[in-house]
Amino acid sequence: MTFAQTLVRGNEEAFQPRTLTPMQKLTLRFVVVGLVYYGFAAIEGMIMRIYAIEPVPLIGTRQYFGILTAHPLVGIFGSTYMLVIGAFLFLVPYLMKKPLWSFRLATWTFWCITIGTFVFWLDGFLTHYAPLYTLYWPLPADFTQFRPLGGAIFITGIAIVMLGSALFVVNVFTTIVYTPRGAERQPGRRLLADALGFTGLANLFRERAERREHIVPLPVAAVARGSVDMALNTTIILFTGILILIYMVAELFGVSLRSTAIDALLYKNWFWWGLDLIADGLVLIFVAGTWYLLASLITGKRIFMENWARAALLVELVVSWTVWSHHLLSDQAQPELLKILSGEMVTAFELITQGLAFFITLATLWSARPLQMTNPLKFLLGGLLGFALAVPAGIMQADIGLNRILHNTQWVVGPHVHVAILVGLTMTLYSAIYLLLPLLTNGAKLYSQRLATFHFWAHLLGGIGMGAFMGMAGLQGMLRRTIYLDGEFLPYMILAGLSGVLLLAALAAFLYNIVMTVGLRGAVGIFRRSDLDRDVLVPAR
Amino acid sequence: MVDSSTVLWGQTLVYTLYALVIISVVGWFAYRLTRPGPAGVASKLFFGFVAFLVITGVSLHIVTYNTIPWSPLDVHRGETQADKVFEIVVADHEFRLPAERLEIDCGDRVLFDVSSQDLTYGFGLFRPDDSMVFQMQVVPQHRNDLLWEFGENGVYSIRSTEYSGPQGYAMIVQDAVRVSGCPGGCEPCRRCRPRPDRG
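Residues numbered from 1 in each chain as written. Chains lettered and ligands numbered in written order. Predicted model: local features only at pLDDT ≥ 70, side-chain atom pairs only at ≥ 80, totals over all residues.

1. Notes on the overall build of chain A
Of the regular secondary structure elements, chain A holds 16 helices and 0 strands. In summary, chain A has a C-alpha radius of gyration of 23 Å against a globular reference of 24 Å for 541 residues, a match within 12%. Summarising its shape, the C-alpha atoms of chain A cover approximately 65 × 60 × 50 Å along the three principal directions. Long-range pairs, those at least 24 residues apart, make up 86% of the contacts in chain A between residues at least 6 apart in sequence. (Helix = DSSP H or I, 4+ residues; strand = E, 2+ residues; numbered from the N terminus. Rg over C-alpha atoms; globule rule 2.2 N^0.38 Å. Contact = placed C-beta atoms within 7 Å.)

This is the structure:
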């Protein structure tokens, strides 16, 4: 095939979108939109890398902070949520061997997150509403700096995303427990108990012969556990959004409400409690579940120490609900007891729960050696390494003494946040994409293994490099969420910028490879209606 | 008191070593995974690893509390007598200091009592080379106090360490704090020489 033919029809014309079921198409739409928003976040990130080297005159400070606000939100909601939710809406019914409870609800989730993300991104671009994702009170309602209309539209966009994630949670839990029409009645309570990890925990205290068989696969249990956190953080963010909206709407009608009516520290505790359910609960749990899924699919073996893995998921539920105070170690009015118990001790438990997931995944892989170093396997190992680097970095900053000199520095956002998200989370998601590509496309053939190999190394080195150089600058005192005008940390920022270029090159190689795999006609075909049965996940072979 | 830069060097060393070790371990694992060989993992190894994680997680904070000198000082600042108290107000993206330059004698335990009249800010002290001495959050409607013992001569700048809107990045007061009188210290020395005004 010529280059033009491959570009239009895909590699060896192996991808035929008309053979896709509605669920396959919907999942692929989630993936496409998730990757587009990843591109948004990557370009925004690169703009900020350049700005850290030399502030660009073309971009004013208000615009810069608008980008700084949009970047993590687009990355988390527009990209990660889309990829994770899309994959789970397919995998939960696939692993439970029954149709998704509501295809319509899943479509609503897709549109809510797609539109909601675009609304707040565009609003931030046009109005420069920039309270950052932390929204520290009373900044989001500071109308000397931000226009209330711009803020109201921004918050509405976030609320639409939250609505989409709430619909996802309902769909996941109902899919786990419901009985499909015409099927034998399924034990809803037992399914729920197993999904939440109670059965696994109880099995640890039972004799081997008396242990209950699991009726919910481990990755589904992880999805269910993460969905509990997602439900809670959705509630918190929605409630906070409504609170901020009340101030904005009142301002639009000419009434200025007193910002002191809300206690800034109480608000900070409340907000971080909810937000940390994404960072420390949802991400770690969903990632652990994805590791287990990938390890079992790659090896074809059962997960090592499965009951412990399930019990750890349940324990993480307690951890993620009580861990938020590590974000307030530099708040002197925060009670010391909360700082020590929640901020330090419970946070240290994340080292244990994530360490368990790390070990269990490696042990499962080891049990199947020798393995071929496929794309899913190498990206999975990259993801594991990312969290092995990022979690201890986070544990270090969650210390009363060290936080005094690390809080809000580039250390936090470099070796911890960006290594966790770019290397840990994104490489895990890439692993899932490479693994599920044939299943979701009914046998599309990857265009170039060389490009996939370049994608792996450029992403791994770029991600670790960027985190490392940001971290070095942070240890030298460089703050995040600010602008340096005199090239104070120039060598580190140049190296971090070059690492960012490597990350962009990795993304470009990956996107090119995927486009050449499915072809432009195939990519458009994903968005065309499927005439096949909605209850069928994959067509019969 | 041990300077915060010493602690940061210690952290840099520890984390760099850890990063090199874990990268090597995963690299070795990836290589061995593709080779034939014994595939079993003993449960003893698993439980040993769990024990290692528990010990590491808990002991980290015990070790830092006993080695980082400002940790106990911070936790017990309510019961500790300060040699000097500076009351600082932040409003409209501006630090309002009690004097043009805050003078501190070597060895003084100084309480920085910072209050915000509008937004959430940060309060950090920085050396002339832009490295951080310490920082804290400044939350409105609450007391934000930090006790610090100075054991080295120097001139420091104050900077907001929390985002407070697009105007916040300019919240810097150059050479706002001076520590003097430490034995062996030079004044002014290379380390504490004031930087030229950036206007």
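Let us keep going from here.
2. A closer look at the pairing of strand E8 (residues 154-159) of chain B
All names here are of chain B. Summarising burial for E8: 5 of the 6 residues are buried, a large majority. Relative to E8, strand E5 (residues 121-126) runs antiparallel, the two sharing 3 bridges. Bridging from a neighbouring strand, Gly124 pairs with Arg159 of E8. When E8 meets strand E9 (residues 172-180), the two strands line up antiparallel, connected through 5 bridges. (Buried ≥ 20, exposed ≤ 12 C-beta atoms within 10 Å, placed from the backbone. Pairing = 2+ DSSP bridges.)

3. Concerning the pairing of E5(B)
Residue and element names in this part refer to chain B. Among the 6 residues in E5, 6 count as buried, and that is most of the element. Where burial is concerned, the two faces of E5 agree: the one with Tyr121, Phe123 and Leu125 and the one with Gly122, Gly124 and Phe126 are both buried. Bridge count between E5 and strand E6 (residues 132-138): 6 bridges; the pairing is antiparallel. Bridging across to E6, Leu125 finds its partner in Phe134. With antiparallel pairing between neighbouring strands as the criterion, E5 and E6 make up a hairpin whose turn holds 5 residues, including Asp130 at a positive phi of roughly 75°.

4. Brief notes about the domain arrangement of chain B
Residues and elements named next belong to chain B. Partitioning chain B into structural domains gives domain 1 (4-74) and domain 2 (82-180). On a C-alpha basis, the centroid separation for the pair domain 1 and domain 2 is 35 Å. Contacts between the two partners involve 5 residues from domain 1, matched on the other side by 7 residues from domain 2. When contributions to the side of domain 1 that touches domain 2 are tallied by element, the ones reaching two or more residues are helix H1 (4-33) and helix H3 (70-75). (Domains from an automatic or database assignment.)

5. Observations regarding the packing of helix H4 (residues 103-127) of chain A against helix H5 (residues 148-177) of chain A
All names here are of chain A. Running from N to C, H4 and H5 point in directions that differ by 160°, and their axes come no closer than 8 Å. By the angle class used here, H4 and H5 are roughly antiparallel. Between H4 and H5 lies a crossing of left-handed hand. For the contact of H4 with H5, the per-class residue count stands at 17 nonpolar, 10 polar and 1 charged. (Axes fitted to C-alpha atoms, helices over the stretch in contact; angles between N-to-C directions. Parallel < 35°, antiparallel > 145°, perpendicular 65-115°, else oblique. Left-handed = near helix turned anticlockwise from the far one by under 90°. Nonpolar A, V, L, I, M, F, W, Y, C, P; charged D, E, K, R; others polar.)

6. Description of the packing of helix H10 (residues 306-321) of chain A against helix H11 (residues 336-366) of chain A
Residue and element names in this part refer to chain A. Put simply, H10 and H11 touch, their axes get as near as 10 Å, and they point 155° apart. By the angle between their directions, the pair H10 and H11 is classed as roughly antiparallel. The chirality of how H10 crosses H11 is left-handed. Every residue of H11 that contacts H10 at Trp308, Ala309, Ala312, Val315, Glu316 and Val319 is listed here: Val346, Phe349, Glu350, Thr353, Leu356, Ala357 and Ile360. In terms of residue class, the contact of H10 with H11 is made up of 10 nonpolar, 1 polar and 2 charged.

7. Some points on the interface of chain B and chain A
On the chain A side, the residues contacting the 65 residues of chain B number 68 residues. Contributing elements (two or more residues each) for the side of chain B that touches chain A: H1, helix H2 (43-67), H3, E5, E6 and strand E7 (144-149) of chain B. Considering each element in turn, the side of chain B that touches chain A owes the most residues, 14 residues, to H1(B). Taken together, the residues of the side of chain B that touches chain A sort by class into 36 nonpolar, 22 polar and 7 charged.

8. Details of the confidence of the model for chain A
For chain A, per-residue confidence averages 94 on the pLDDT scale, and residues scoring 70 or more make up 100% of the total. Highest mean pLDDT in chain A belongs to helix H15 (residues 449-475) of chain A (98); lowest belongs to H10(A) (86). (pLDDT = per-residue confidence, 0-100.)

9. Focus: the domain arrangement of chain A
All names here are of chain A. Assigned domains of chain A: these are domain 1 (1-59 + 409-535) and domain 2 (62-195 + 202-287). Spacing between the C-alpha centres of domain 1 and domain 2 amounts to 22 Å. The element best represented in the side of domain 1 that touches domain 2 is helix H2 (residues 22-53), accounting for 18 residues. Residue composition of the side of domain 1 that touches domain 2, by class: 19 nonpolar, 5 polar and 5 charged.

10. Some thoughts on the environment of A:Cys112
Residues and elements named next belong to chain A. Along the chain, Cys112 falls in helix H4. Accessibility expressed as a C-beta count within 10 Å gives 20 for Cys112, which makes it buried. On a C-alpha basis, the gap between Cys112 and Val161 in space is 5.5 Å, while along the polypeptide they are 49 residues apart.

11. Let's talk about unusual backbone geometry
For the bond running from A:Trp137 to A:Pro138, omega is 5°, close enough to zero to count as cis. Mapped onto the elements of the fold, A:Pro138 is located in the loop between H4 and H5. At A:Leu135, a residue that is not glycine, the phi angle is positive and equals roughly 50°. Topologically, A:Leu135 is positioned in the loop between H4 and H5. The residue B:Asp92 is not glycine, and still its phi comes out positive at about 50°. Structurally, B:Asp92 can be placed in the loop between strand E1 (84-91) and strand E2 (94-96).

12. Let's talk about the sheet that holds strand E3 (residues 102-105) of chain B
Residues and elements named next belong to chain B. The mixed open sheet is built from 5 strands, whose spatial order is E3-E9-E8-E5-E6. A strand with exactly one partner marks an edge of an open sheet, and here the two such strands are E3 and E6. Between one strand and the next, the sheet's axes are offset by a mean angle of 20°, whatever the strand orientation.

13. Considerations on the environment of A:Val391
Residues and elements named next belong to chain A. Tracing the backbone shows Val391 in helix H12 (residues 375-397). Overall, Val391 belongs to the buried group, with 22 C-beta atoms counted inside 10 Å. If sequence neighbours within four positions are ignored, Val391 has contacts with Glu350, Leu351 and Gln354.

14. Focus: the sheet that holds strand E4 (residues 109-116) of chain B
All names here are of chain B. An order of E2-E1-E4-E7 is seen for the 4 strands of this open sheet, with the pairing classed as mixed. Both edges of this open sheet fall to E2 and E7, since each of them pairs with a single strand only. Averaged over neighbouring strand pairs, the angle between their axes works out to 25° when direction is ignored. Sheet topology places E1 next to E2; 3 bridges connect them, and they run antiparallel. Looking across to E2, one finds that Val89 is bridged to Arg96.

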